[in-house]
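Fold and geometry: a report
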Amino acid sequence: MQRGYYTHTDITDFGPYVTKLILPFPQTVPAGAVDASCFSVYVRRLDSQGRVALLAKSWMDRENKVASQGYVAVKKAYPSDRQGVELPQGDFVTLEMDYGPLCPLSSRIACPAEHNIYLFSDYKITQVKPVGEVAGLEYGLPLGDDMPAAEGWLNQWEAPLNYGYYIPQQVEPGPRPLIIWLHGAGEGGQEPSIAYTANKVVALTSPKVQKLFGGAYVLAPQTPTFWMNDGSGEYGRSGKSMYLEDLKTTIERFIARNENIDRNRIYIGGDSNGGFMTMRMLLSFPELFAAAFPVCEALYDETITEAELAGIVHKPVWFTHAKNDPVVAPAETVEPTYRRLKEAGAQNVHFTFWDKVEDIHEGFVDESGKPFEYMGHFTWIPMLNDDCRVDLDGSPVVWNGQEVTLLEWLAQQKKD
């Protein structure tokens with residue numbers, strides 16, 4: 001008889017992964033009665049038509065596709081409660097699964113074509129060793145998923161743009177800031193949750209960051225295609241976006257619906273394509289924003305006029321990029337733009353320029369056991385982990401006499 005199971009999803013620096021399978025058990029399980037060798041786990045990752053997805057082998061090797069199915073290693077097993085919390089004895093057994101950049105079968109999302117999408121992970125869990133007097137159980141009926149990091153987020157489907165959003169909880173009375181996050185090219189489409197879970201944008205609603213801002217609204221709009229689309233459907237060099245007015249309308253409507261938003265503390269940022277759109281919005285509507293934080297931004301400097309640059313020279317901006325970015329060349333985007341701003345007299349403009357992007361938070365390692373090195377384009381990882389703290393010359397960024405991280409600095413910016 002097929003039994004039901006629950007999944008637990010963590011949103012990591014490399015996206016959302018099923019990290020635990022939680023199995024209701026027919027008898028109470030004491031500690032020591034179960035271990036990882038007691039269960040075998042097979043997963044098929046299915047598309048919206050119920051077919052096993054054919055997916056690229058890697059982010060850079062998109063032509064070589066394989067069926068997304070196979071066995072996933074169980075790393076640990078123990079008695080637990082329904083949420084997967086380990087107990088001395090429990091009515092559930094939790095299996096901690098292998099996951100991370102080298103284990104794509106545990107990922108909740110995939111990018112089979114232009115955009116990341118959520119797939120359905122169809123698990124078959126087989127008991128291969130007795131647990132006490134219980135043997136031969138099979139689990140194959142999904143009962144639900146927990147995703148604690150996305151708790152409090154809501155989705156809105158409407159014209160002109162869909163979006164995900166978060167309203168601050170349990171804060172002092174008074175106006176609260178708004179953080180706007182603009183996703184990268186892979187997170188477009190019609191699934192608003194992709195805009196804040198495909199990368200760890202939910203870090204902006206973590207207790208630590210919310211405390212830093214005194215409670216902040218977070219808005220993550222989603223474009224149907226990609227922000228750099230100027231109407232041609234191509235990734236060109238025009239520096240224009242067909243979604244400019246749509247995005248402004250979406251932001252203004254969200255502010256109007258949430259009267260507690262402080263119009264003097266509206267911050268805009270985003271990665272890659274979203275970094276492009278961050279710059280495009282800041283240049284086009286500088287009066288709307290208190291500060292900006294473009295990440296691996298893709299606006300070619302050649303498209304920025306002197307008049308546009310003059311309009312933002314006194315705006316607080318903190319750029320993030322990596323020297324080894326193979327997707328967006330910093331020599332054509334952020335480097336000349338930063339230099340022009342500084343030459344024009346910008347005082348509150350900063351630039352953290354990483355040599356490379358390595359894992360320092362998740363414990364992900366490569367085949368040799370060394371910390372996993374992400375593609376150099378992925379500088380949203382240190383930014384969202386609030387690891388950015390130095391300027392281009394390597395000196396700490398100082399604000400109000402104190403060394404600050406990017407998010408600490410951002411929380412203190414206000415319009416004059």
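Every residue gets a number counted from 1 within its own chain, in the order that chain's sequence is written. Per-residue local features are limited, in this predicted model, to residues with pLDDT of at least 70; the limit for side-chain atom pairs, both in listing and counting, is 80 or more; totals at the level of whole chains, interfaces and linings are taken over all residues. Side-chain metrics in this entry use all non-hydrogen atoms of the structure; hydrogen atoms and water are not considered.

Overview of the pairing of strand β8 (residues 89–97)
Pairing of strand β2 (residues 15–30) with β8, which is carried by seven bridges, proceeds in the antiparallel orientation. Of the residues in β8, the one forming a bridge with V29 is G90. Where strand β7 (residues 74–80) meets β8, six bridges bridge the pair, whose relative direction is antiparallel. Looking at the pairing, V74 lines up with M97 of β8. Think of it this way: DSSP has to see at least two bridges between two strands before they count as a pair. Segments assigned H or I by DSSP are reported as helices when at least four residues long, segments assigned E as strands when at least two residues long, and all are numbered from the N terminus.

Here's the deal with the sheet that holds strand β1 (residues 2–12)
Spatial ordering of the open sheet is given by β6-β3-β11-β12-β1-β2-β8-β7, a layout of eight strands whose pairing is mixed. Strands with a single pairing partner mark the edges of an open sheet, and in this sheet they are β6 (69–71) and β7. Adjacent strand axes in the sheet meet at a mean angle of 30 degrees when their direction is disregarded. Working convention: axes come from line fits to C-alpha atoms, limited for helices to the stretch in contact. Angles between N-to-C directions cover 0 to 180 degrees.

What about the packing of helix α3 (residues 244–257) against helix α4 (residues 273–284)?
Packing of α3 against α4 leaves a shortest axis separation of 11 Å and a crossing angle of 80 degrees. Considered as vectors, α3 and α4 are oriented roughly perpendicular to each other. On α4, the residues that touch L244, L247, K248 and I251 of α3 are M277, R280, M281 and S284. The class makeup of the residues in the contact of α3 with α4 is five nonpolar, one polar and two charged. Any angle between 65 and 115 degrees counts as roughly perpendicular, while under 35 counts as roughly parallel, over 145 as roughly antiparallel, and the rest as oblique. The contact criterion used throughout is that any non-hydrogen atoms of two residues lie within 4.5 Å. Charged means Asp, Glu, Lys or Arg here, nonpolar means Ala, Val, Leu, Ile, Met, Phe, Trp, Tyr, Cys or Pro, and polar covers whatever is left, Gly included.

Side note on helix α6 (residues 334–343)
Within α6, the full set of buried residues consists of V334, P336, T337, Y338, R340 and L341. Buried residues in α6 make contact with α4, α5 (306–312), β19 (317–322) and β20 (349–354). Of the residues flanking the end of α6, it is G345, one or two places downstream, whose phi is positive at about 105 degrees. For every residue, the accessible area obtained with a 1.4 Å probe (protein chains only) is divided by the maximum for its type, and the residue is called buried under 20%, exposed over 50%, and partly exposed between those limits.

Some thoughts on the packing of aromatic side chains
Any pair of Phe, Tyr and Trp rings, taking the six-membered ring for Trp, is counted once the centres come within 6.5 Å. Such a pair is stacked with planes under 30 degrees apart, edge-to-face with planes over 60 apart, and tilted for the rest. Overall, the coordinates contain 24 aromatic pairs when judged by the stated rule. Centroid distance W181 to F293: 6.2 Å. Interplanar angle 40 degrees. Geometry classified as tilted. Remark: F293 occurs in strand β18 (residues 291–295) and W181 occurs in strand β15 (residues 176–182); sequence separation between them is 112 residues. By the burial criterion, W181 is buried, and F293 matches it.

Concerning the sheet that holds β15
With mixed pairing, eight strands are arranged side by side in an open sheet as β13-β14-β16-β15-β17-β18-β19-β20. In the strand order of this sheet, the two ends are held by β13 (153–156) and β20, each with one partner. For this sheet, the mean inter-axis angle between neighbouring strands, taken without regard to orientation, is 15 degrees. Of the pairings in the sheet, the one linking β13 to strand β14 (residues 162–166) comprises four bridges and is antiparallel in character. Note that in β14 the partner of Q156 across the bridge is Y163. With respect to the sheet, α4 is in contact with β15, β17 (261–271), β18 and β19, its orientation differing from that of β17 by roughly 140 degrees. Sitting on the sheet, α6 is in contact with β19 and β20, with an inclination near 150 degrees to β20.

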